[in-house]
Amino acid sequence: MDYYLMQLVNGLSQGAIYALMAIGYATIVGVVGMVTFTHGEVIMIGAYAAFYAFSFFAENLFLGIITSFAASWLLGIVIYKVCYERFFDSPRHIPLICTIGFSMLIKNLAQIVFGPNMKAMPQPIDLGFINVLGVRINTIQILIIVIVISLSTILYIVNSKTRWGIQLRAVSQDKKASALMGINVQRTTMIGNCIGCGLGGVAGMLLAIYYQSILPTMGGVLGLKSFISSVLGGLTNIPAAALGGILIGVTENLGTAFLSNSYRDVFAFVFLVLVLIIKPEGISKKVGGRP
Amino acid sequence: MLEVKNLIVNYGYISALRGIDFEVNKGEIITLIGGNGAGKTTTLMSISNLVPKTDGTIIFEDKDITHLPAHKVVMQGISHVPEGRKIFPALSVRENLITGTFGNKKMTKKDISDNLEKMFVLFPRLKERVNQGGGTLSGGEQQMLAIARGLMMNPDLIMLDEPSLGLAPIIVEEIFELILRIKEEGMTVLLIEQNAAMALQIADRGYVLETGNIIMSGTGKELINDERVRRSYLGD
């Protein structure tokens, strides 16, 4: 029993990371209005930025968060300029394919620049264990959950309470009407895209710390997992995407516990297929509106 | 105040506007009338720079705004209430109104809350629904929200695109009374309407558009009494 409880805790902390990736993903898809496949690489770059910050400067957690957020933000600007800016009026498959191609480019450049081998991720905090009702929870798991909750709270407050958040949501609903309100649509879209990328980058750092390793090709599966997490949430609904991420994490770990670790990724995708068969619109409720 | 010179807009091979000229003076209600596909909406869209112009110049308060991007046009003090309302369905009524203030950077927090109060006096129905999502309002309420949103930035010129479209006659009348009130407050109105009879009654001057050309212009009274206008647009 304790074993399964522990796997549940593992699933929750891993799910929290997926949730952060999915929050970033849903933010991007919401504001840009197009599906992206560069998110995995954004996550990877965030992880490497933190890796180099830890290696060259100090093993300080806040430094890691800031560098990974900033590096992914910068990559977000490049992605916006390359894949989206000129394609808002084009057929939607063009930016989609553009993001796929760009992600391949980043992945391969990363292998050249960072080296193709797996490296050990420095640990910014000491690994310790706390016993809660017989379940061993380690400090990294607590740290992950705290960081994810605080980042998503900040995003929520910015999104719902500030003028800037209204601007961002207006742009994600109707770009032409937003322009008529005097909103600089291009800039707002870019910043929204960068916020999503930044959150993905921090998630990448957390994941590298959690697995204690880092690899240039880690992005592929992670990008897909953030994609399926937000598909579970209805693609652009941020809280539902976060829930989707947690569900994927829990499913993976419980599946591993009951069956085998080698099917880890299978569980996530089978779970997605099942949810989509039963409830094609995802777990979120559609916002009502007249046509 | 607003001067449009030789405006030409083409959609692919189709020419929507074939070189129109008109001007709007301060404090006037100007209306453009015309049938479907005459180019009324295109005219407003090209003033706001949402569609590319092939040729022409647009001057607003002695400033050439022909090539300004859409959001900068708004910041000159031109508010455009688009056809089909285009409110933000997932934003609340209050948030929708706040989006209307992004076009005027000089507004303080107090100006915004004052304007909100003003809108709630003008549109008591919006006050009742202030926290409701914009998409849940009825058609008439959405139109009122769209106009209120356009007024929030204290524009010098407000361009209304078919404010009466698809609304019950009693609400249409309410909206036209409102347009007169907007004028009394010193704003200039550029009104586009299919409901030519109503529009010409309240307009100071009007222009008649047909297949991308202005074929007639004059004061509201002149046009209402003109034989051709009566036959084509007023159904006599």
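Along every chain, residues carry numbers that run from 1 in the direction the sequence is written. To label them, take the chains in the order written and letter them from A, then take the ligands in the order written and number them from 1. Per-residue local features of the predicted model are confined to residues with pLDDT of at least 70, and side-chain atom pairs are confined, for both listing and counting, to 80 or more; whole-chain, interface and lining totals are unaffected and use all residues. Water and hydrogen atoms were dropped before computing side-chain values, which therefore reflect all heavy atoms in the structure.

Some details on the pattern of salt bridges
Residues and elements named next belong to chain B.
Alright, step 1. Salt bridges are counted wherever a side-chain nitrogen of Lys or Arg sits within 4 Å of a carboxyl oxygen of Asp or Glu. In total, this model carries 13 salt bridges over all chains according to the counting rule given.
Alright, step 2. In this structure, the salt-bridge partner of Lys-5 is Glu-3, at a minimum N-O distance of 3.8 Å.
Alright, step 3. Exposure remark for Lys-5: the relative accessible area of 35% places this residue in the partly exposed category.
Alright, step 4. Owing to a relative accessible area of 33%, Glu-3 belongs among the partly exposed residues under this scheme.
Alright, step 5. When the shortest N-O distance is used, the salt bridge between Asp-114 and Lys-110 registers 3.0 Å. Partly exposed describes any residue whose relative accessible area lies between the buried limit of under 20% and the exposed limit of over 50%, with all areas from a 1.4 Å probe on protein chains only and scaled to the type maximum.

Structural notes on the packing of helix 1 (residues 2-32) of chain A against helix 8 (residues 185-211) of chain A
All names here are of chain A.
Alright, step 1. Only the stretch in contact is used when a helix axis is fitted, and all axes are lines through C-alpha atoms; the angle between N-to-C directions ranges over 0 to 180 degrees. Only DSSP runs of H or I covering at least 4 residues are called helices, and only runs of E covering at least 2 are called strands; the numbering of each starts at the N terminus. At a minimum axis distance of 7 Å, the contact between helix 1 and helix 8 shows a crossing angle of 165°. By the angle between their axes, helix 1 is roughly antiparallel relative to helix 8. Considering how the two elements wind past one another, helix 1 and helix 8 form a crossing that is left-handed.
Alright, step 2. Classifying every residue of the contact of helix 1 with helix 8 gives 15 nonpolar, 10 polar and no charged. Working rule for angles: under 35 degrees goes down as roughly parallel, over 145 as roughly antiparallel, 65 to 115 as roughly perpendicular, anything else as oblique. Crossing handedness is defined as follows: a turn of the near helix away from the far one that is anticlockwise and smaller than a right angle gives a left-handed crossing, while the clockwise case is right-handed. Gly counts as polar in this scheme, as do all residues outside two lists: the nonpolar Ala, Val, Leu, Ile, Met, Phe, Trp, Tyr, Cys and Pro, and the charged Asp, Glu, Lys and Arg.

A closer look at a nonpolar patch on the surface
Alright, step 1. Nonpolar side chains collect at one region of the surface, where Tyr-263, Val-266, Val-270, Val-273, Leu-274, Ile-277 and Ile-278 of chain A lie side by side and expose about 700 Å² of accessible area between them.
Alright, step 2. Secondary-structure assignment places Leu-274 of chain A in helix 11 (residues 264-278). Each patch is built from residues that are more than 30% exposed by relative accessible area and take part in no salt bridge. Like charges join if they lie within 9 Å; nonpolar side chains (Val, Leu, Ile, Met, Phe, Trp, Tyr) join within 5 Å. For the accessible areas, the method is Shrake-Rupley and the probe is 1.4 Å, while residue cover comes only from the protein chains on display.

Focus on empty space enclosed by the protein
Residues and elements named next belong to chain B.
Alright, step 1. Two kinds of site are reported from a 1 Å grid over the protein atoms alone, namely cavities, where a 1.4 Å probe fits but cannot get out, and pockets, open sets with protein on both sides within 12 Å along at least five of seven lines, and residues are called lining when an atom falls within 4 Å of a point. Grid points are joined across faces, edges and corners, and a volume is the space filled by probe spheres set on the points. Tallying each qualifying case throughout the model produces one cavity of 30 Å³ or more.
Alright, step 2. For the largest cavity, the calculated volume is near 50 Å³.
Alright, step 3. Broken down by secondary-structure element, the contributors of at least two residues to the lining of the largest cavity are helix 4 (109-122) and helix 7 (169-184).
Alright, step 4. Per-element accounting of the lining of the largest cavity gives the leading share, three residues, to helix 4.
Alright, step 5. Of the residues in the lining of the largest cavity, the class split is five nonpolar, no polar and three charged.
Alright, step 6. Note that the domain bounds reflect an automated or database-derived domain assignment. There are two domains that each give the lining of the largest cavity at least three residues, and those are domain 1 (24-51 + 66-77 + 156-236) and domain 2 (87-155).

Regarding the side chain of Thr-99 of chain B
Alright, step 1. Within the secondary structure, Thr-99 of chain B sits in helix 3 (residues 93-99).
Alright, step 2. The contact criterion used is simple: two residues touch if any of their non-hydrogen atoms lie within 4.5 Å. If sequence neighbours within four positions are ignored, Thr-99 of chain B has contacts with Ile-166, Ala-170 and Met-181 of chain A together with Phe-88, Leu-91 and Arg-149 of chain B.

Points about the sheet that holds strand 3 (residues 29-33) of chain B
Residue and element names in this part refer to chain B.
Alright, step 1. Here a strand pair is declared whenever DSSP counts at least two bridges between the two strands. Read across the sheet, six strands follow the order 6-7-8-3-9-10 without closing on themselves; strand pairing throughout is mixed. The open sheet has two edge strands with one neighbour each: strand 6 (78-81) and strand 10 (213-219). Across the sheet, the mean angle from the axis of one strand to that of its neighbour is 15°, orientation sign disregarded.
Alright, step 2. One ladder, built from four bridges, connects strand 3 with strand 9 (residues 205-210); its direction is parallel.

Let's talk about the packing of aromatic side chains
Residues and elements named next belong to chain A.
Alright, step 1. When the centres of two rings from Phe, Tyr and Trp lie within 6.5 Å, Trp using its six-membered ring, the rings pair. Their planes under 30 degrees apart give stacked, over 60 give edge-to-face, and anything left gives tilted. Inspection of every chain in the model, using the stated rule, returns 15 aromatic pairs over all chains.
Alright, step 2. Relative to Phe-56, the ring of Tyr-52 lies with its centre 5.9 Å away and its plane at 10°, an arrangement referred to as stacked. Note that Tyr-52 and Phe-56 are positioned in helix 2 (residues 39-56) at a spacing of four residues, about one turn of the helix.
Alright, step 3. Exposure remark for Tyr-52: the relative accessible area of 25% places this residue in the partly exposed category.
Alright, step 4. With relative accessibility at 61%, the residue Phe-56 sits in the exposed group.
Alright, step 5. Relative to Phe-88, the ring of Tyr-80 has its centre 6.3 Å away and its plane inclined at 45°; by these criteria the two rings are tilted.
Alright, step 6. Geometrically, a lysine NZ or arginine CZ counts as sitting over a ring once it is within 6 Å of the ring centre and also within 35 degrees of the ring normal. Above the plane of the ring of Phe-129 lies Arg-136, whose end atom (NZ or CZ) is 4.1 Å from the centre.

Some remarks on the pairing of strand 3 (residues 135-138) of chain A
Residue and element names in this part refer to chain A.
Alright, step 1. In this structure, strand 2 (residues 129-132) lies alongside strand 3, joined through four bridges in antiparallel fashion. Note that in strand 3 the partner of Phe-129 across the bridge is Asn-138.
Alright, step 2. Two successive antiparallel strands, strand 2 and strand 3, enclose a turn made up of two residues, where Leu-133 displays a positive phi of approximately 50°.

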